[in-house]
Structures are given as structure tokens and as C-alpha cells.
Amino acid sequence: MGAISCGREVDVIVVGAGFGGLYALHRLRTAGLELQVFEAAEGIGGTWYWNCYPGARCDVESVEYSYSFSEELDQDWEWSERYAAQPEILRYIEHVADRFDLRKDIQLETRVTAARFDESVDRWTVETDDGRRHTAQFLVMTAGCLSIPNVPDLPGLESFAGRVLHTGRWPQHGVDFEGQQVAVFGTGSSGIQVIPEIARQADHVSVLQRTANYSMPAGNGPLDPEYVRELKARYPEHREAARQSFFGNGIVEVGDGSALDVSDEERRREFDRRWALGGAAWVMTAYNDLIVDEAANAKLVDYVHSKIEEMVGDPETAHLLCPTGYPAGTKRVCQHTDYYDAYNRDDVTLIDLRTAPVTAVVPDGLQLADGRTIEAQSIVFATGFDAITGSLLAIDIQGRGGRQLRDKWADGPRNYLGLMVAGFPNLFTVTGPGSPSVLSNMVMAIEQHVDLIADLVIHLRELGLVTVEAGKDAEDAWVEHVNEVAHATLYPRTDSWYMGANIPGKPRVFLPYVGGIVSYRVKCEEVVARGYEGFLLSGTSVTA
Ligand code: FAD
Ligand code: NAP
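Read on for a plain summary of the structure. (Residues numbered from 1 in each chain as written. Chains lettered and ligands numbered in written order. Predicted model: local features only at pLDDT ≥ 70, side-chain atom pairs only at ≥ 80, totals over all residues. Heavy atoms only, no water.)

### Things to note about the sheet that holds strand β9 (residues 204-209)
Then, number 1: Taken together, the five strands give an open sheet; going across it, the order is β7-β16-β8-β9-β12, and neighbouring strands pair in parallel fashion. Strands with a single pairing partner mark the edges of an open sheet, and in this sheet they are β7 (163-166) and β12 (348-352). With strand direction ignored, the average angle separating the axes of adjacent strands in the sheet is 20°.
Then, number 2: As paired elements, strand β8 (residues 181-185) and strand β16 (residues 378-381) share four bridges and run parallel to each other. Bridging from a neighbouring strand, Phe185 pairs with Phe381 of β16. (Pairing = 2+ DSSP bridges. Helix = DSSP H or I, 4+ residues; strand = E, 2+ residues; numbered from the N terminus. Axes fitted to C-alpha atoms, helices over the stretch in contact; angles between N-to-C directions.)

### Focus: the sheet that holds strand β14 (residues 365-368)
Then, number 1: The three strands lie next to each other as β13-β14-β15, forming an open sheet whose pairing is antiparallel. Two strands in the sheet have a free side with no partner beyond their single neighbour: β13 (358-362) and β15 (373-375). Each adjacent strand pair in this sheet contributes to an overall mean axis angle of 20°, direction not counted.
Then, number 2: Direction of pairing for β14 relative to β15: antiparallel, over a ladder of three bridges.

### A few points about the packing of helix α1 (residues 19-30) against helix α15 (residues 442-462)
Then, number 1: The geometry of α1 relative to α15 is characterised by a closest axis approach of 9 Å and an angle of 35° between their N-to-C directions. Of the two elements, α1 crosses α15, and the hand of that crossing is right-handed. Contacts between α1 and α15 pair Phe19, Gly20, Tyr23, Ala24, Arg27 and Leu28 from the former with Val443, Ile446, Glu447, Val450, Asp451, Ala454 and Asp455 from the latter.
Then, number 2: Of the residues that constitute the contact of α1 with α15, the class distribution is eight nonpolar, one polar and four charged. (Left-handed = near helix turned anticlockwise from the far one by under 90°. Contact = heavy atoms within 4.5 Å. Nonpolar A, V, L, I, M, F, W, Y, C, P; charged D, E, K, R; others polar.)

### Let's talk about the environment of Ile13
Then, number 1: Within the secondary structure layout, Ile13 lies in strand β1 (residues 5-15).
Then, number 2: The sequence separation of Ile13 and Leu427 amounts to 414 residues, and the corresponding C-alpha distance is 9.8 Å.

The structure is reproduced here in C-alpha cells:
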């Protein structure tokens, strides 16, 4: 980096131009603030820019996985499929940016590298990788919960002569696998989507599986125009119902009984009904105790195993694809289209990394511990992300007294409502750790956070005050609550990215808030009604 030069002075700097950054820009600009958004990518869209691998699509229904802030936008936009594919979601995001004239305040290809709170002027100084320094009163982090790819540290990877790809950094111009042997690592949501698509093109696909995942059929297809017309006639009410739901999803019918109170036949019928409807949320919410009671969960595990055995011809492959050793739903449940069928092809081979780990990557493929060599001209990593805290801690963020966020969060994230960190005034983390974020319809979670931030900033300005931050006591109480709620479920038992377990050395802490969108929303409303209880507005003495 060359010498630092001065950039813009604005009210708010926003990091990231995905769903979060764009809404923050729109909402805060409408409130009269001047903003600058920095985005590392060459285009806007965040997740939906980077993850342009074949098969990428949402797993929350398109009519809900979209902004709800504009009734006109809801009425005008036409989704073509129940679960829109990445190109359509990106087109939607670009439409929103144009419609609300957002692009003029977004600087692309610019990564924020550092942010320091200057107590002498109560402002943030933000450094970008173009060698410039910018200042703002507020810093809004919309850098993404799933935006920092995790690439396994495989011995010899640098010697590989072919192409190495990660689903979260897919080339914008696409990839031609025609005539190739391809090795795919990872069988989470991304792997399950990309594997059947690569199999259609390549000569041969070797899937290297470490842990089998629970996956439900997507049941995707074109949207029925009559259904859409009927939904649009009551869109505002529908959106409100989604806001008042557990996941931010108003379509799914949530079962309120125990899986253990019904006969085996009745339970099977209900699972079958929901499985046929498609959508992971339908199956996961069939009963109210699937994610909290081990015996109830075991009924779902048995059911999913029986479905995999029905779908996959080779019994040994089916056996390997049956998830075991952890409760269903405690890793993010996947949605599949043609995934299990892919294993019925002669040109797809499943390799169990637990029995045959990779000992070395060599120029023309992989060597396994059992002596096999897997030839490959491309390696695809569908190996996930340094989730939730990764994008925040990638930036050198310093709060009061030069305290680094990395130090403060060395044993796991600590904040209030997933939104503000004690000792880091005027820094907001949209869908931060300790908020429902990845355990909900994220567009809805983003809107709720951004609205809360906008209201708080307006309130602060109306009072003629300058800084707001989380109080230490409020932060401690929130962290305790987040952990308490998580430990009342089966989630913490499993090594998942929710627990930070996918990244070597990351603290083992349950990262999101599992209490649900509606209870979280109510808590936030109570905090606001009590005059922003737990937040310290400037003038109040602060101890971080
Ligand atoms: P992102 O979309 O991740 O955007 C963050 C942006 O910040 C990125 O563009 C990144 O380049 C930029 N950035 C990061 N650090 C910096 C920096 N230091 N400087 C400058 N720019 C920076 N959620 C759902 O609810 N339903 C779904 O169906 C769903 N499907 C998904 C599918 C995939 C493949 C993935 C990976 C995630 C999915 N998610 C889904 C989660 C998804 O990430 C969110 O729904 C949503 O898109 C997040 O928006 P965001 O703006 O918060 O973050
Ligand atoms: P992921 O869920 O973290 O899955 C990563 C996969 O890679 C897992 O199978 C993991 O195995 C494997 N893996 C990781 N490191 C490995 C290593 N060193 N060696 C071998 N295998 C390794 O990541 P993802 O699939 O990208 O999904 C991340 C999240 O993004 C999802 O959970 C979801 O929230 C979102 N997403 C959603 C959709 C959608 O349907 N809309 C699509 C894609 C992503 P282990 O399980 O053993 O760790």
C-alpha cells in the first residue's frame, strides 16, 4: 500500500454491498444521513455476487427471501421460481440498487482493512486497501455472515497443476468442466447444490465427504401465477405474519405437537406429507420438539435414513450418505435437487474421508491414506466459510483506548443484542453474533437490524448526543442469555459452523441467537420502549 491519502468524511460508512449494506444505505440515507459504502467485490450483491456456482439458489422461498420495506417493490417484482437461482436473486438486488439510486454511494473493488475509533473527535477512521483514510460518525458492518471462504490446508495443494475453485469465490464467467475429472470437497448446502450440476458436465466427479448432511428435497419449480396473484393481494399482511414468526417465514406451517405423542404411522404420514411439499423448514418444523429432544430427533433421523435408502441404488453409498453421530438440524439442514440421484450415475464416486483421508495433493490429483489415487483436473472446495465473526475479525477494528475487537473476542464474541459491542461506540454489526441472523430468513433479520439502527441514530441526533454503545452489564446479560437459550437445544452438541468448529483454532461458542425472530424482535421493542435500555448514549460514563 502506498502513502495514506484522505478520503470522504461522511455520517456513516457501511462495509459490504449485499442485502445488508444496500438496505442500510437506503434506510439511513432516507433518514437524512450521508453515507459511503465500500465493497471488496467488483459488483454488488454480496453472497449472490460471489456464489455464482451452478445450482446456487435460496432455501427460503423467493417471495419471502426478499426485501419487505417497499410495498411497490413487492408488487412489481415477479419471481419465476419457488426458490430463485443465484442469477435471478442477483438481478433482483441490482434492480433494487437502480430503483433506489443506491450505486452512486457505493465504491466497488475497495476492501476495508482497518477501523479505529478516535475518542478525541468521537469518529471512526476507516482505512481501505486503495490507501485512503475516511472518517465517519457511525460504522455499520454488513460484511456478511458467510463471506470469508474456508479453504482446507491440504498438504501439497500448491503443487496441483489443475484448477482450484471455491464455491464462495466462483468465477463470474462460469467454469467449463467438459471432459474433466473433478474432485469436490464438502457436502454441506453448497456441495449438495453444485455436485449434481458438475456431474452433468464433467467426465467424472469424486465427492470427498467428511460428514454426511441432513438434506430435504427443495420441491422447487415455477411459481404458479395464480398463487402469486393471491399472495400479492395480501402481501403486507403476509410480510407481517413472517415478522411475527419464529424463522421469519410465514408460509411454512409449524407443527405444535411432540413427535413422541403420535403413532409411528401418523408420524411417517406427516413427515411424508412435508417431504413431498419440499423445503427443509417444512420437515424440521413438523413437530415442536425435534430440535430440543433427542428421542424426538431420533425419529426424524430414522425417517431421513429411510428416504436416502430409497433414493440411492447402491446400499454402500446410501449407507455413507446417511448422516450419523449428531442430531438432525444441528448443522444447517440442506435442500437438494437431484443430489441423491447424482450417486446413481456411473460417473460419480463417493469417497469417505473418515476412512480414507487425503494424505497429499499431487499435480494431477489426490492421494488417499488407503493407497488410492484420485485423478483430477479441477478441485472444487464447497468447504464453507469462517462464519459470522470471520468478516468482522478480518478487519483490524479498534475501539476505545485502542482495544482491538480481536482481543475482546479472543474467547468468543461478546455484544449486546448482536448489534453493538461495549467499548466500540457507534459501531453496529448487522446480523452480528448473538442475533437470529443465520437461523432465520436473513433478509428479514437484516431489515429489522437496520431499522433498529436507523431509529437509534435518529433518536441520538434528536437528543443532540454523539455516541451510543452497549453497556457492559447489558452485554454480559445478553451473552449469558444467548448461551442459555442455545444450551436448551441440541445445537451445541454438534461440531458445526454455528459453533465455530469448522475453523481450526476458533473458539467453540454457539454464534447465532436461537430464540427466534419474533422473540428477538419483541426483546428489541422492549429495549426501545424503555428508552434504549442497556445502551449508553454519550455523556454517560463508560467502562468497557
Ligand atoms: P453478504 O451478502 O455476505 O455481503 C457482504 C459483503 O461484504 C460481501 O459482498 C463482501 O465482499 C463484503 N465485504 C466483506 N468484508 C469486506 C471488507 N473488509 N471490505 C469491503 N467489503 C467487504 N440466507 C437465507 O436466509 N436464505 C437463503 O436461502 C440463503 N442462501 C444462501 C446461499 C449461499 C450460497 C450462501 C453463501 C448464503 C446464503 N444465505 C441465505 C445467507 C446469506 O449470506 C444472507 O441471506 C444474505 O445474503 C447476507 O447479506 P449480507 O449483506 O449480510 O452479507
Ligand atoms: P458448510 O455448511 O460449512 O459445509 C462445508 C462442507 O465442507 C462440510 O461438508 C464440511 O465437512 C466440509 N469440509 C470443511 N472443511 C473440510 C476439510 N478440511 N476437509 C474435508 N471436508 C471439509 O458450507 P456451505 O455448504 O458453503 O454452506 C454454508 C452455509 O451457507 C449454509 O449452511 C447455509 O447457511 C448457506 N448456504 C445456503 C444455501 C442454500 O441452500 N440456500 C446454499 C449454500 C450455502 P464437515 O461437516 O465435516 O465439517
